[in-house]
Amino acid sequence: MPYRRTSAVQARIDAGREKLFDAAVEVLSSQGYRGLSIASVAAAAGVSAGSVYTHFDSKSDLVVAIFRTVCGREVQAVVDAAGASGARGMSNSGASGARGMSNSGASGARGISRTGSGSVVERVTAIVETFAGRAMKNRTMAYALLAEPVDPAVDAERLVFRRSFAAAIGDAVADGIAAGDIPEQNVEIAAAALVGAVGEVLVGPLSPDRTDTADVIPDLVAFALRSLGVS
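Procedures and definitions
- Residues numbered from 1 in each chain as written.
- Predicted model: local features only at pLDDT ≥ 70, side-chain atom pairs only at ≥ 80, totals over all residues.
- Heavy atoms only, no water.
- Buried < 20%, exposed > 50% of the residue type's maximum accessible area, 1.4 Å probe, protein only.
- Helix = DSSP H or I, 4+ residues; strand = E, 2+ residues; numbered from the N terminus.
- Expected span 1.5 Å × (residues − 1).
- Contact = heavy atoms within 4.5 Å.
- Polar contact = N/O pair within 3.5 Å; in protein donor to acceptor, adjacent residues only side chain to side chain.
- Phe/Tyr/Trp six-rings, centres within 6.5 Å; stacked < 30°, edge-to-face > 60°.
- Lys NZ or Arg CZ within 6 Å of the ring centre and 35° of its normal.
- Axes fitted to C-alpha atoms, helices over the stretch in contact; angles between N-to-C directions.
- Parallel < 35°, antiparallel > 145°, perpendicular 65-115°, else oblique.
- Left-handed = near helix turned anticlockwise from the far one by under 90°.
- Nonpolar A, V, L, I, M, F, W, Y, C, P; charged D, E, K, R; others polar.
- Core = buried A, V, L, I, M, F, W, Y, C linked by side-chain atoms within 4.5 Å.
- pLDDT = per-residue confidence, 0-100.
- Salt bridge = Lys/Arg side-chain N within 4 Å of Asp/Glu carboxyl O.

(A) How the structure looks around helix α2 (residues 38-45). Every buried residue of α2 is listed here: Ile38, Ser40, Val41, Ala42 and Ala45. Following α2 by one or two positions, glycine 46 has its phi on the positive side, about 75 degrees.

What follows is the structure, given as structure tokens:
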């Protein structure tokens, strides 16, 4: 008769994975991808390195899991900000940015729900302010997510992240065109270009070697709006 795990055994396994995942997120948040290793995660979790391999095949496998969860939360944060921007106005659109890029734990990223309200100006402003604001609150984690050299499997997750981020911007752009707020344009190209521009601009301020913490977010918002044809 094949062995079947009891619910108690499965709960212990899940709790062990969650503990390791939380420890890995904390290491990535404080030391970046370069500082994350199986040994450093094991030490942070207070377990042996062998325990890590029970749940994750390699460092790359572990970081892919982190990227999927954290990036999913970041995309949902900007989607939520864009959806709420019409109700609360632009003055508060960066509020969720104050919390910083998520460095909390093991629960997987929920499916991205897309909602839209407010003008294209309000929504794009909310998206850029929220994403950039959260990144600047957790620079080490954000740099790891956006620019730090990583394994190919992890880099593939970055592409998924960028596409999801572009989709959030694309929704706002498409609605802005339909409302006559901005000129006709290729939505996919406009959204992809803005994602690239935001990421490229943030690489400098997020870099571990950078000591200048000048606020680039207002200029990023102004650039995004101008590029879309907002007059």
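(B) Spatial organisation of helix α8 (residues 187-206). In a regular helix each residue adds 1.5 Å, so 20 residues correspond to 28 Å; α8 covers 28 Å between its end C-alpha atoms and thus fits that length. Here α8 has its buried residues at Ala190, Ala191, Leu194, Val195, Ala197, Val198, Gly199, Leu202, Pro205 and Leu206. Among the structural elements, α5 (120-137), α6 (139-146), α7 (152-178) and α9 (217-227) are those in contact with the buried residues of α8. One side-chain oxygen of the residue at the start of α8 lies 3.1 Å from the amide nitrogen of glutamate 188, identifying that residue as asparagine 186.

(C) How the structure looks around the packing of aromatic side chains. In total, this model carries three aromatic pairs according to the counting rule given. Ring geometry for phenylalanine 131 against phenylalanine 165: centres 4.5 Å apart, planes inclined by 35 degrees, an arrangement best described as tilted. Taken together, the residues span a long stretch of sequence, with phenylalanine 131 in helix α5 and phenylalanine 165 in helix α7 at a distance of 34 residues. With relative accessibility at 2%, the residue phenylalanine 131 sits in the buried group. With relative accessibility at 4%, the residue phenylalanine 165 sits in the buried group. Ring centres 6.5 Å apart and planes at 15 degrees place the aromatic pair phenylalanine 161 and phenylalanine 165 in the stacked group. Remark: phenylalanine 165 and phenylalanine 161 occur in helix α7; sequence separation between them is four residues, near one turn of the helix. The residues phenylalanine 161 and phenylalanine 165 share a single accessibility class, namely buried. Among the aromatic residues, those joined into a ring-pair cluster are Phe131, Phe161 and Phe165. It is lysine 59 that lies over the ring of tyrosine 33; its NZ or CZ is 4.0 Å from the centre.

(D) Spotlight on the packing of α5 against α8. Viewed as axis vectors pointing N to C, α5 and α8 meet at an angle of 25 degrees, and their least axial separation amounts to 11 Å. In terms of axis orientation, α5 runs roughly parallel to α8. Between α5 and α8 lies a crossing whose hand is right-handed. Two secondary-structure elements touch here, α5 through Val128, Phe131, Ala132, Ala135 and Met136 and α8 through Val198, Leu202, Pro205 and Leu206. Of the residues assigned to the contact of α5 with α8, the class counts are nine nonpolar, no polar and no charged.

(E) Inspection of the nonpolar core at higher detail. Of all hydrophobic cores here, the largest spans 64 residues; its most connected members are Leu36, Ile66 and Leu202. Secondary-structure elements contributing two or more residues to this core are α1 (7-35), α2, α4 (59-88), α5, α6, α7, α8 and α9. Examining the composition of this core, we find that twelve residues originate from one element, α4, more than from any other. Beyond its immediate sequence surroundings of up to four residues, leucine 36 is in contact with Ala24, Val27, Leu28, Val41, Lys59, Leu62, Val63 and Ile66.

(F) Summary view of the confidence of the model for the protein chain. Of all residues in the protein chain, 84% attain a pLDDT of 70 or more, and the chain-wide mean is 86. Low pLDDT (under 50) marks residues 88-98, which in the prediction has 23 contacts with non-local residues, meaning those over four places away or in another chain. Residue range residues 105-115 is modelled with pLDDT below 50. Its contacts to residues more than four positions away, or to other chains, number 29 contacts.

(G) Geometry of the pattern of salt bridges. Under the criterion given, the structure shown has four salt bridges. The partner of glutamate 74 in a salt bridge is arginine 134, and the shortest N-O contact between them spans 2.7 Å. Taken together, the residues glutamate 74 in helix α4 and arginine 134 in helix α5 connect sequence positions 60 residues apart. The two residues glutamate 74 and arginine 134 agree in class, both being buried.

(H) The arrangement of the packing of α6 against α8 in detail. For the pair α6 and α8, interaxial distance at closest approach is 10 Å and the crossing angle is 135 degrees. Between α6 and α8, the crossing angle belongs to the class labelled oblique. Judged by the twist between their axes, the crossing of α6 over α8 is left-handed. Residues Arg139, Ala142, Tyr143 and Leu146 of α6 lie in contact with α8, whose contacting residues are Leu202, Val203, Pro205 and Leu206. Classifying every residue of the contact of α6 with α8 by side-chain character gives seven nonpolar, no polar and one charged.

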